[in-house]
Structures are given as structure tokens and as C-alpha cells.
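Descriptive analysis of the structure
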Amino acid sequence: MDATNPLLQSVTLVTPSFPSPIAIPIPSIDAFNDESISISINYAFQIGACSILLLVLLIMTPPSKLLRPVSMLHIAGLITCTIRLSINLAFYLSPLNHFYQFWSGDYSSVPQHYFRNSVAGTVFSLLLVIVVEAALMHQAWTMVSLWPRHVRFFMAGLSGIISLLAIGWRFAFTVVASKMSLEAVSVRNMAWLVQSTLILNALSICWYCALFNTKLVLHLLVNRGILPPSGSILSPMEVLVMTNGILMVVPVIFAGLEFAKFPNFEAGSLTQSSVVIILPLGTLAAQQMTRNGSLAYISSGGHNSSSTYGNSSNTPRGNARNNATPNEFPSVSPSGDSSPLRQRGGVPSSPYEASDRRARRPDHFDIELQLIDSTSALADHPVRVDTDLGQNETRT
């Protein structure tokens, strides 16, 4: 004990496990209490964010769309994350984190159900990783679905391998950590397994962040900027591209912080939580833009196109299309009414109208939106865009 500074004195514990008393410095006790409180606050904020977003997602998503794979993955991720954080938060209120048990290492007086709660938290961490990897895989496949076939399948295969490695290593960590929790042994004894799990988790997050940002870079190159060339508002697919590309940087930052040691800060839980919060936000923003009638990107094309460019010339419709001039194609407005161009027999009334028509030509980002969101104003409208025709047009 330091006689000159009472804040540096030690607290002595006597336990049956050690023949000699255990001296615990007060600064160490204060640091332990500060860390427990800060992590509890961190978990509480994450629980609140996941719960609020889950409520918003259930309210703003039409009931008929809740059974879509993307909606089910988002809901499952938010529910799983909330349960996992709640179990982890309960640990700091349990006897496992009490003063005597922690500092003496004597857990003989702790009931067994507290150890099983720790195992449940580890299992839910595994389930969350599985849901997050599935959601990222689904989102990545949607965003590259109109890329060239060989590139698309290469990206999908590589993404699947990375996700399976992350899930497999997390499964091994779950088995080992659960066994050690039941035996009241610290998982720090398996530091190599912990570090390799963190590395694979960070690799997976960084890979999908790079994939989404590649899509964002392609969007910027196509449009020569953030906004479309026509100066109109962003389409829902462009919103998804930007949110997935930019916001996925946040989980990458948290994944990097897992390898550093900061007092009173725990970044491991924030990595997965940020992913399950970011992905639904982009989808909700795109859905609301679509529902509010901002689909200003559907332009020329027939109402019931059933053939591709490869065989359209063999049909009467295809012959008429080949013989028609570019100004004879009908144009459909987002509201379903015939545009002024169609009402005037396909002849533009001014050069500005013709230039606006060219500027609103759909790119592949807009066509991809139809594959991931059917909540737009066109979802229940008879005017549809033929997907095969759109894909061939994009590739051409």
C-alpha cells in the first residue's frame, strides 16, 4: 500500500482457492467498473437502435412484401442481434461479473443457468454471423446480377467461399468458447482461435465493402457524377448503390478497431450490428422513393414485349419495330399515362423534349431495381418492362 496516496492502496481478498490473500489495487477495480459500465451502455444503445429500426421496418414495409427473402433476412438479422446483445448485457448484471467472483476466480457459488446463458450468447453470435453473411451475399448477388455471366459467377463463387470460411471458423470458435464457458475457463487461453476468427470476419466485411464500392464507382463512371445526367432525382437503385457502398465503410472501420485495444470501448459487437442496421436503411430509402413516384427512369419500350433482340425480327411486331424510325417508339410515363410524345404520334414537339427523352434512357442500375424491390408505383400497374429485353438492351 502506498501511504502517500490513498487512491493507490489495495483491497485484500481471502479465498479458499489460494493459501495467501489476494491484493487488488484500487485503480484496477476502477478500470474494471468503468469498462463494465461503458460496455453495458454500448450494448444498450445497439439494442435500442436495432429495436427502433425493426419497428420502422415492420411499419413501413407492406405486409405482402415481408415474406421476400431480403425482408426476412433483414428482420431475422435485427431480431438475432437484439437477442444476442440482450444476453451479453445480462452478463454484466449476473454473478459472473460480481466483484468477488471476478477477482478471485471462484465461481463455485454461481448457479449453472448463468453459464448456460453465456453459451446461449455465443450461439446467437454464430446465428448472427450466418444471417449477416446471407444478407450480404443476397445483396451482392442482386447488385451484380446484370454483369457479364463469367464475372457474375466468379464474384458469387468467391463471395460464397469467403462467407463459408467466416461461418465455419465462427462455428469452431462457438464450440470451443461454449465448452470453456461451462468449465468457467477464460477463452483467452485459445488466443490463436480468437484472432483467426476476427481476421476472417474482417476479411468478409472488407470484401463486401469493396464489392459494393466497385458498384458505386461504376455508377459514378456511367453518370459522370452522383446525379443522373438529366439532373433528375436519384433512382431507388442509385440510392441502394450509394448506401451500400458508402455506409459499408462503417463496419470496416469497426472491424479494424477490433484488433486495437481502447479503454472502455468494445468494437466487436458494433461490426455485426452496424451491418444489420445499414442494409435495411438503404432498402427502406429506396422503397419510399419508389412508392412516392420517383421512378422517372422508365422510358421507351413496348407494353408486352415477349421477345428479345435475337428473335424480334421474325415476328410482325419485330418487323414493324425494325422499320420504324426512332421517333415512332411509344414512351410511357411513371404514372402509366401516355406521354405527350405518344399523344402527338411520336414526333417531339421541341428539341428539348427529344433531349430529355434521351437523357432518361434507363441504365442497368435502374433495370436491376426491378429484381430487388416490387413496392414501386409500377408494382400493381399493368405497365411493365420486359426484363429479358432490358437485359439485352443493356448488354448491347
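Quick caveat, the model's predicted, so the values are computed rather than measured.

**Some remarks on the overall build of the chain**
Within the chain, the secondary structure is distributed over 14 helices and two strands. Across the chain, every contact between residues at least 6 apart in sequence was considered, and the portion connecting residues at least 24 apart equals 73%. Accessible area of the chain: about 20300 Å², with a carbon and sulfur share of 66%.

**Let's talk about the packing of helix α4 (residues 112-143) against helix α5 (residues 149-182)**
Put simply, α4 and α5 touch, their axes get as near as 9 Å, and they point 180° apart. Between α4 and α5, the angle falls in the class roughly antiparallel. Residue composition of the contact of α4 with α5, grouped by class: 15 nonpolar, nine polar and three charged.

**Brief notes about the environment of A267**
Along the chain, A267 falls in the loop between α8 (249-257) and α9 (268-291). The class for A267 is buried, based on a relative accessible area of 5%. A C-alpha to C-alpha distance of 9.6 Å links A267 and I39, two positions 228 residues apart in sequence. Not counting residues within four places of it along the chain, the set of residues in contact with A267 comprises F254, L257 and E258.

**Quick word on the pattern of salt bridges**
One pass over the structure, following the stated rule, counts one salt bridge. Here E183 ties to K179 by a salt bridge, and the two come within 3.0 Å at their closest N and O atoms.

**Thoughts on the environment of S17**
Mapped onto the elements, S17 comes out in the loop between β1 (10-13) and β2 (22-25). On a C-alpha basis, the gap between S17 and S104 in space is 8.2 Å, while along the polypeptide they are 87 residues apart.

**Comments concerning the UniProt feature "transmembrane region" (unreviewed entry) in the chain**
The residues that UniProt annotates with the feature "transmembrane region" (unreviewed entry) are residues 43-60, 72-94, 114-132, 153-172, 192-218 and 239-257. Helix and strand shares over residues 43-60 are 100% and 0% respectively, and the end C-alpha atoms of the span are 26 Å apart.

**Some points on α5**
Over its 34 residues, α5 extends 49 Å from the first C-alpha to the last, a length consistent with the 50 Å expected when each residue adds 1.5 Å. Following α5 by one or two positions, A184 has its phi on the positive side, about 60°.

**Brief notes about the packing of helix α1 (residues 26-60) against helix α2 (residues 69-91)**
Look at α1 against α2: their axes get within 9 Å of each other, and the N-to-C directions meet at 155°. Taken together, the axes of α1 and α2 lie roughly antiparallel to each other. Crossing of α1 against α2: the hand is left-handed. Of the residues in α2, those touching α1 at S40, Y43, Q46, I47, C50, S51, L53, L54, L57 and L58 are H74, I75, L78, I79, C81, T82, L85, S86, N88 and L89. A breakdown of the residues in the contact of α1 with α2 according to their chemical character gives 13 nonpolar, seven polar and no charged.

**A few points about the confidence of the model for the chain**
As a note on interpretation, predicted positions should not be read in detail where pLDDT is low. In the predicted model, the chain carries a mean pLDDT of 74, and the fraction of residues at 70 or more is 68%. Note that residues 293-369 has pLDDT below 50 and, in this model, 110 contacts with residues that lie over four places away or in other chains. Contacts from residues 373-396, a stretch scored under 50 in pLDDT, to residues over four places away or in other chains number 47 contacts.

**Thoughts on the side chain of N42**
The residue N42 is located in helix α1 in this model. Separated by 3.1 Å, the side chain of N42 and the backbone oxygen of E266 make a polar contact. Not counting the four nearest positions on each side in its chain, N42 is found in contact with E266, S269 and L270.

**Section: the pairing of β2**
Going residue by residue along β2, you find I22 and I24 tucked away on one face and A23 and P25 left uncovered on the opposite face. Of the strand pairs in this sheet, β1 and β2 are connected by four bridges, and their pairing is antiparallel. Paired with L13 across the two strands is I22, which belongs to β2.

**So, a nonpolar patch on the surface**
A grouping of I37, I41 and F45 is seen on the molecular surface, where their side chains present a nonpolar patch of about 340 Å² in accessible area. By the secondary structure assignment, I37 is in helix α1.

Conventions and cut-offs
Residues numbered from 1 in each chain as written. Predicted model: local features only at pLDDT ≥ 70, side-chain atom pairs only at ≥ 80, totals over all residues. Heavy atoms only, no water. Helix = DSSP H or I, 4+ residues; strand = E, 2+ residues; numbered from the N terminus. Contact = heavy atoms within 4.5 Å. Areas by Shrake-Rupley, 256 points an atom, 1.4 Å probe, with all protein chains shown as cover. Axes fitted to C-alpha atoms, helices over the stretch in contact; angles between N-to-C directions. Parallel < 35°, antiparallel > 145°, perpendicular 65-115°, else oblique. Nonpolar A, V, L, I, M, F, W, Y, C, P; charged D, E, K, R; others polar. Buried < 20%, exposed > 50% of the residue type's maximum accessible area, 1.4 Å probe, protein only. Salt bridge = Lys/Arg side-chain N within 4 Å of Asp/Glu carboxyl O. UniProt positions renumbered as here; feature names shortened; annotations may be inferred. Expected span 1.5 Å × (residues − 1). Left-handed = near helix turned anticlockwise from the far one by under 90°. pLDDT = per-residue confidence, 0-100. Polar contact = N/O pair within 3.5 Å; in protein donor to acceptor, adjacent residues only side chain to side chain. Pairing = 2+ DSSP bridges. Patch = residues over 30% accessible without salt bridge, like charges linked within 9 Å, V, L, I, M, F, W, Y side chains within 5 Å.

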